[in-house]
Amino acid sequence: MIARAIAGLAAAALLAAGARADDRPLGADAAAVRAHVAVLADDALKGRAAGTPEYEKAADYVIAQMAAAGLSPAGTNGDWRQPVTLVAARATGGEGSLLRGSRATRLVPGHDVALLPHWEMAERKTEGEVVFAGHGVIDPARGVDDYRGLDVKGRIVAILLGTPNGLEDDVAAHYGNRDVRAELAARNGAVGILFIEDAGREAFAATARAATGPRVRWAPPAGGGAAPIPQLAVLGEAGAAKLFAGSPIAWAKVRAAERARTALPTGALGRTARFRQLSEQARIASNNVVGRLAGSDPALAGEHVVLTAHLDHVGVGEPVAGDAIHNGAVDNAIGVGAMIEVARRFQREGRRPRRSLLFVALTAEEAGLLGSDYFANHPTVPREGLVANVNIDMPILTYAFQDIVAFGAGRSSIGPVLARVAKAQGIAVTADPQPEEAFFVRSDHYSFVRAGIPSVAIDTGPAGPGAAATAVFLERHYHQPSDEIGLPIDWDAADRFVMLHHALVAELADGPRPKWNAGDYFGTVYGRQ
């Protein structure tokens, strides 16, 4: 029944794909991309939210297209799908207190503290001495290690949520992720982590409301490793003052150093924190879709270049002008369609590259890059064989692009390869025009970066009409019901985008194994080469 419905959508899309708005016929390749978008962004799929039946119908379509493009299933147990179990956790209550000797000081929820949910347990108790570790940051390039000289093993770490001065934009954005700092605390032996809200923020009540959740992450597979350390709570100004009261470190001096962007005093606070987290969890089943093109070189076929695009979007929301379906044509049906057409180009060539290729349609990007994070941590091929990731996410193709922005390319040998491929196609590579937006950590390639794999995400650039077109899309259509196939998408530009990715993936699969640049932060911290 599902297959028949998808086939009907595809046939209708193909009939509609042959013309432009100005009635000139599209070329076959451009029409093919449009046909994919017409299916994946159709109202029948209700915005492809992860965990919904409509998302699985979209996955059925992608599987059929991967098979038609000559790929083999490379999911779990020889299937096309890789199951990903998502867990949505919500705080339902709990309590926190600070102990010095026999004296306990209660932390008042909503005023002093925002209690965070636990991912796995309905009730979780954590107790330990508290050590203040500044911002909880490690930056080998600058010689910064906030854990240097601190013994946090078996203790609770408290850190400031802001980032220190001097971090490059991508690294600062990286440390804006609470999970990253929790991982560092766990690596140093901590049993829990407390976050202290940035200086100058007055709306702690809003933070307290938001902290209850739900927050979503993936559940590890059976035998997939230990759960992360508990993220216990966010402390506001009043709670932080209670935490530091009577300690060897004066809270006023910490805030003064933070505002002056000077070195923070760190160390044990001489008191114990005790937390009881009450939470409820809901489990949501979804899937990545994985296809493989086997490499031609027996010595390199065990290595894989991974091309990714997220299949999910945000589903059905509040109506806007009577339309509640967030179709996600640009975000990211067009990325999935482009990925499929890259596979078709390899099929038409009749030549397999030396390394193998994986084509992965990812789930739950909109929930926090969860499908890619799961795949990067639990790939369906040996992890050491993942050599590079090229990610396609929301290319704004409403104009004839002249340049591209390549997030992450400058961190590895992928950068020069991409520059050469783009130049051959008459495309310039432009530096990120909006580093303050932290796009580097907001798309699925970032999950592969954190797994130690050189990665890049390519977006259309600001040259010519690009800046204006991007602004229009972000202001009027991003995560809105109007992101649908009726937008003025330039399908020839979409085909050109496919050609660029095909050429890049082919170069990476045939050339030297990509390497992190010497001294690069992410290569130093996460790289496995």
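Sequence order sets the numbering: in each chain, residues are counted from 1 along the sequence as written. Residues qualify for local features only when their pLDDT is at least 70, as the model is predicted, and side-chain atom pairs are given and counted only at 80 or more; totals for whole chains, interfaces and linings, by contrast, use all residues. Here the side-chain values reflect all heavy atoms present in the structure, with hydrogen atoms and water set aside.

Visitor: It is not clear to me how the environment of Val390 should be interpreted in this structure. Could you clarify?
Guide: Under the DSSP-based scheme used, a helix requires at least four consecutive residues in state H or I and a strand at least two consecutive residues in state E, with every element numbered from the N terminus. Its location among the elements puts Val390 in strand β17 (residues 386-392). Residue burial is assigned from relative accessible area. The probe radius is 1.4 Å, only protein chains are included, and a residue is buried under 20% of its type maximum, exposed over 50%, and partly exposed in between. Given a relative accessible area of 0%, Val390 falls into the buried group. As a C-alpha pair, Val390 and Phe448 span 58 residues in sequence and 9.6 Å in three-dimensional space. Two residues form a contact once any of their heavy atoms are found within 4.5 Å. Residues in contact with Val390, not counting those within four places in the same chain, are Val306, Leu307, Thr308, Val456, His501, Leu504, Val505 and Leu508.

Visitor: Would you take a moment to explain helix α8 (residues 251-260) for this structure?
Guide: For an α-helix, 3.6 residues make a turn, and residues three or four places apart therefore share a direction. Of all the residues in α8, the buried ones are Trp251, Val254, Arg255, Ala257 and Glu258. Across the axial projection of α8, the buried residues extend over an arc of 160°, all falling on one side. Residues of α8 that are exposed and angled more than 90 degrees away from the buried face: Ala252, Lys253 and Arg259. Where α8 is buried, its residues touch β5 (123-132), β8 (156-160), β9 (192-196) and α7 (237-244). With its phi angle positive at about 60°, Arg261 sits one or two positions after the end of α8. Read the arc as the range of directions from the helix axis to the C-beta atoms.

Visitor: Just to check I follow, could you spell out empty space enclosed by the protein for this structure?
Guide: Leftover empty space is mapped by rolling, across the atoms, a probe with the size of a water molecule. Cavities and pockets are defined on a 1 Å grid built over the protein atoms alone: a cavity is a set of grid points where a 1.4 Å probe fits but cannot escape, while a pocket is an open set with protein on both sides within 12 Å along at least five of seven lines, and lining residues are those with an atom within 4 Å of any such point. Grid points are joined across faces, edges and corners, and a volume is the space filled by probe spheres set on the points. Taken as a whole and assessed by the stated rule, the structure comprises 1 cavity of 30 Å³ or more. Quantified by volume, the largest cavity comes out at close to 90 Å³. As for the largest cavity, its lining consists of 12 residues, and the residues nearest its centre are Pro117, His118, Trp119, Pro230 and Gln231. The residue inventory of the lining of the largest cavity, partitioned by class, reads 7 nonpolar, 3 polar and 2 charged. Charged means Asp, Glu, Lys or Arg here, nonpolar means Ala, Val, Leu, Ile, Met, Phe, Trp, Tyr, Cys or Pro, and polar covers whatever is left, Gly included.

Visitor: For this particular structure, what's the right way to read the packing of aromatic side chains?
Guide: Each aromatic ring pair is described using two quantities: the centre-to-centre distance and the angle formed by the ring planes. Note on aromatic pairs: the rings of Phe, Tyr and Trp (six-membered ring only in Trp) are paired at centre separations within 6.5 Å, and the planes decide the class, stacked below 30 degrees, edge-to-face beyond 60, tilted for the rest. All chains considered together, the criterion is met by 10 aromatic pairs. With a centroid separation of 6.2 Å and an interplanar angle of 65°, the aromatic rings of Tyr175 and Tyr521 are classed as edge-to-face. Remark: Tyr521 occurs in helix α15 (residues 521-526) and Tyr175 occurs in the loop between α4 (169-174) and α5 (178-187); sequence separation between them is 346 residues. Take Tyr521: its relative accessible area is 3%, and that puts it in the buried class. Put simply, the rings of Tyr175, Phe440, Tyr446, Tyr521 and Phe522 touch in pairs and so form one group of aromatic residues. The ring of Phe195 is capped by Arg178, whose NZ or CZ atom sits 5.4 Å from the centre of that ring. A cation sits over an aromatic face here: Arg217 above Trp218, 5.0 Å from the ring centre. Charge-over-ring contacts are defined here by two conditions on Lys NZ or Arg CZ: a distance within 6 Å of the ring centre and an angle within 35 degrees of the ring normal.

Visitor: How should the nonpolar core be read in this particular structure?
Guide: Throughout, nonpolar core names a set of buried Ala, Val, Leu, Ile, Met, Phe, Trp, Tyr and Cys residues whose side chains join them through atoms within 4.5 Å. In terms of nonpolar packing, the biggest core is built from 74 residues, with Leu311, Phe359, Leu418, Val456 and Trp491 touching the most fellow members. Excluding residues that lie within four positions of it along the chain, Leu418 makes contacts with Ile404, Ala406, Ala409, Val456, Ile458, Leu500 and Leu504. One finds Ile138, Ala173, Trp516 and Phe522 within the second-largest nonpolar core, a separate group that totals 37 residues.

Visitor: Hey, could you run me through the pattern of salt bridges in this one?
Guide: Where charged atoms from two side chains of opposite charge come close, those side chains can pair. Salt bridge, as used here: a side-chain nitrogen of Lys or Arg that lies within 4 Å of a carboxyl oxygen of Asp or Glu. Using the criterion set out here, one finds 28 salt bridges in the structure. With a closest N to O distance of 3.4 Å, Arg345 and Asp29 form a salt bridge. With a gap of 316 residues between them, Arg345 in helix α9 (residues 329-349) and Asp29 in helix α2 (residues 28-40) connect regions that are remote in the sequence. When its relative accessible area of 14% is taken as the criterion, Arg345 is described as buried. Residue class for Asp29 comes out partly exposed when judged on its relative accessible area of 25%. Taken together, the salt bridges that share partners define one network made up of Asp29, Arg345, Arg348 and Asp495.

Visitor: Is there a simple way to explain helix α13 (residues 466-476) in this structure?
Guide: Considered for burial, the residues of α13 that qualify are Gly466, Ala469, Thr470 and Phe473. All buried residues of α13 fall inside an arc of 100° around its axis, so they share one side. In α13, the exposed positions angled more than 90 degrees off the buried face are occupied by Ala468, Glu475 and Arg476. At its buried positions, α13 is contacted by α9.

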